[in-house]
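Next come the chains, spelled out residue by residue.
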Amino acid sequence: MTPPYTLTRLGVLMTPEPGNPHEAEGVLNPASGFGPDGKLYLLPRLVAEGNVSRVGLAEVELTDSVPTSVTRRGVVLAPDEGWERGKMNAGVEDPRITWVPRLRVHVMTYVAYGPLGPRLALAVSEDLSSWRRLGPVQFRYQPGLDTDLNLFPNKDAVFFPEPVPGPDGTPCYAMLHRPMWDLGWFREGEGVHLPAGVTDDRPGIWVSYVAARDVEKDLRALVWQGDHRLVALSQHPFEELKIGAGPAPIRVDEGWLLLHHGVTGKIEGPWEPQQQKVSYAAGAMILDPNDVSRVLDRSTEPMLTAETEDEKSGTVPNVVFPTAIEEVEGVRYVFYGMADTKIGVARLDRSAS
């Protein structure tokens, strides 16, 4: 089976602004949300010279209820903390935002590109403009894995918008994420260290949990993630190298719909930030609402591949990278990175059974 959903590209929504130093190397991979004013906003990754990333704010302009352009509203997060900067790099990258009604906040996951490479971090906001850092994600030690997840670089994290059953049935806030097992970046010759029970070293999608009661007492508990479970690894040709989660999962009739990206090609050094010989495509999974670590269905073929010139040519060619979904007038729109340079928009539809 394949999830009964389709993506139809509608065009380019945002391109780098000439003369804007914050956007010299691209605008890409946005988060999104509705502000207190009821307007739809994107929070794009803005890349300055030297691959230094910030998170911007851009109001989405609608034409007949369809997103067609943006108006910039400034920068809302920059690599101002020491753990978001190294001596030769810096960045707050690839934000994903989940509006959590029960908490009345937007929860942002982002990649802090600091002294030891990519590390996950969290921030929260009530208005999309002012963000309060909760700090780096801390993965609780789990003896059965025979490793410490805090050792590994991690990306592509996103929260579910409501509590889901944890491994013991307790209501939990769950975060999808993607550890990367190669420690050669940190210590030459160290190589790959896999958790117990995992034999495939390709990066895949994991889930970790924190009890809802703890978070509802103190939002800072969101950073203390535990009960780590593998959700999915590469399975089909368009995912040959690795997979990662996309936008926040959305509840549909079949379960939780998760858009994800799959990567093919050749990686030239695992820490080269601007790979030139890979291709990114978009797929989908349906996760079990009673156990979100269980995949009920997934795409055997990509829903969207790099076909247009904007998707095939850029900082990293041949990339479509979905990172946000929002509904406008009953229609769901997906916002995605195009060749690590621009932002596109596509319509998400449920196809006929």
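Scroll up to find the structure.
The notes below deal with the structure included here. The shown structure was predicted, so the numbers you read here are calculated from the model rather than taken from an experiment.

## Considering the overall build of the protein
- Looking only at helices and strands, the protein features two helices and 23 strands.
- On C-alpha atoms alone, the protein measures out to a radius of gyration of 19 Å, which is about the 20 Å that the 2.2 N^0.38 rule sets for 353 residues.
- Projected onto its principal axes, the C-alpha positions of the protein cover 55 × 45 × 40 Å.
- Counting the 353 residues in the protein, one finds 56% classified as buried.
- Considering only residue pairs separated by 6 or more positions, the protein has 58% of its internal contacts joining residues 24 or more positions apart.
- As presented, the protein carries roughly 14,700 Å² of accessible surface, and 47% of it is formed by carbon and sulfur atoms.
- When the 34 positive and 48 negative side-chain charges of the protein are each reduced to one mean point, those points stand 3 Å apart.

## Brief notes about the layout of surface pockets
- The calculated volume of the second largest pocket comes to roughly 500 Å³.
- Looking at the second largest pocket, it is lined by 23 residues, and the ones nearest its centre are Trp 99, Pro 161, Ile 250, Ile 325 and Glu 326.
- Elements that contribute at least two residues to the lining of the second largest pocket include exactly strand 2 (26-34), strand 6 (92-100), strand 17 (250-252) and strand 21 (320-328).
- Top contributing element to the lining of the second largest pocket by residue count: strand 21, with five residues.

## A closer look at the pattern of salt bridges
- Per the counting criterion, the structure on display carries 21 salt bridges.
- Because the salt bridges share partners, they merge into one network encompassing Arg 9, Glu 307 and Glu 311.

## Here's the deal with the packing of aromatic side chains
- Using the criterion set out here, one finds four aromatic pairs in the structure.
- Each ring, one from Phe 152 and one from Trp 181, has its centre 4.9 Å from the other, and the planes form 80 degrees; the classification is edge-to-face. Within this pair, whereas Phe 152 is found in the loop between strand 10 (138-139) and strand 11 (154-159), its partner Trp 181 is found in the loop between strand 13 (171-179) and strand 14 (205-211), the two being separated by 29 residues in sequence.
- Given the relative accessible area of 5%, Phe 152 is considered buried.
- Here the aromatic cluster, defined as three or more aromatic residues joined through ring pairs, consists of Phe 152, Trp 181 and Trp 206.
- It is Arg 251 that lies over the ring of Trp 256; its NZ or CZ is 5.9 Å from the centre.

Calculation criteria
Residues numbered from 1 in each chain as written. Predicted model: local features only at pLDDT ≥ 70, side-chain atom pairs only at ≥ 80, totals over all residues. Heavy atoms only, no water. Helix = DSSP H or I, 4+ residues; strand = E, 2+ residues; numbered from the N terminus. Rg over C-alpha atoms; globule rule 2.2 N^0.38 Å. Buried < 20%, exposed > 50% of the residue type's maximum accessible area, 1.4 Å probe, protein only. Contact = heavy atoms within 4.5 Å. Areas by Shrake-Rupley, 256 points an atom, 1.4 Å probe, with all protein chains shown as cover. Lys, Arg positive; Asp, Glu negative; His and termini not counted. Charge placed at Lys NZ, Arg CZ, Asp CG, Glu CD. 1 Å grid on protein atoms, 1.4 Å probe; cavity = no way out; pocket = protein on both sides within 12 Å on 5 of 7 lines; lining within 4 Å. Points joined across faces, edges and corners; volume = space filled by probe spheres on them. Salt bridge = Lys/Arg side-chain N within 4 Å of Asp/Glu carboxyl O. Phe/Tyr/Trp six-rings, centres within 6.5 Å; stacked < 30°, edge-to-face > 60°. Lys NZ or Arg CZ within 6 Å of the ring centre and 35° of its normal.

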